[in-house]
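Summary of the model geometry
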Amino acid sequence: MEGRMSDFLGIHGTALILREQRLQVLASNLANADTPGFQAQDMDFNTALQAALSPAAGASGEDPYQGAANLARYARPSAQPSLDGNTVDTSREQAAFSQAALEYRASMSFVESKVKTMLTAITGQ
């Protein structure tokens, strides 16, 4: 069933999952803004998407989406060094989170559109 659903949703279902993963990374940065030594991270969405769509994704038994997200994660250097070693820039994180939320909503809209089309085809209305 999962294979058929992913075929139906195409790249949009995968994109939605990966965009959620990125939102979690950015939310973690914001939650740890005051944690000494915390290193801000981000996820390169395009790298994650390519990894998730590759035939080898999930071959090791790992969740292919989580594996792709982990592969695309990287430590984001700080624009301003802090005394406690924390690299989170709250303003930058908030802006990145806002942009990521908009991208997530766009992906959600594509998925919703596909589902509505399917429901229309099933019900004939």
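To be clear, the structure that these remarks concern was listed above.
Residues numbered from 1 in each chain as written. Predicted model: local features only at pLDDT ≥ 70, side-chain atom pairs only at ≥ 80, totals over all residues. Heavy atoms only, no water.

On to the nonpolar core. Core analysis: the biggest nonpolar cluster contains twelve residues, these being Ala15, Leu18, Met43, Phe45, Ala48, Leu49, Ala51, Ala52, Tyr65, Ala68, Ala69 and Ala72. Those elements giving two or more residues to this core turn out to be α2 (11-31), α3 (45-53) and α4 (64-72). For this core, the element with the highest residue contribution is α3, accounting for five residues. Apart from residues no more than four positions distant in its own chain, Ala15 is found in contact with Phe45, Leu49 and Ser107. (Core = buried A, V, L, I, M, F, W, Y, C linked by side-chain atoms within 4.5 Å. Buried < 20%, exposed > 50% of the residue type's maximum accessible area, 1.4 Å probe, protein only. Helix = DSSP H or I, 4+ residues; strand = E, 2+ residues; numbered from the N terminus. Contact = heavy atoms within 4.5 Å.)

The geometry of an aromatic ring pair comes down to the distance between the two centres and the angle between the two planes. Per the stated rule, a full pass over the model turns up zero aromatic pairs. In this structure, Arg19 is placed above the aromatic ring of Phe45, and the distance from its NZ or CZ to the ring centre is 3.9 Å. (Phe/Tyr/Trp six-rings, centres within 6.5 Å; stacked < 30°, edge-to-face > 60°. Lys NZ or Arg CZ within 6 Å of the ring centre and 35° of its normal.)

Following the sequence through the fold, Glu62 ends up in the loop between α3 and α4. Aside from chain neighbours lying at most four places away, what touches Glu62 is Gly67 and Asn70.

If you trace the backbone, Leu23 turns up in helix α2. According to the relative accessible area criterion, Leu23 is buried, its value standing at 14%. Taking C-alpha positions, Leu23 is 6.5 Å from Phe97, a pair spaced 74 residues apart along the chain. In this view, Leu23 contacts Phe97, Ala100, Ala101 and Tyr104; residues no more than four positions away in its chain are not counted.

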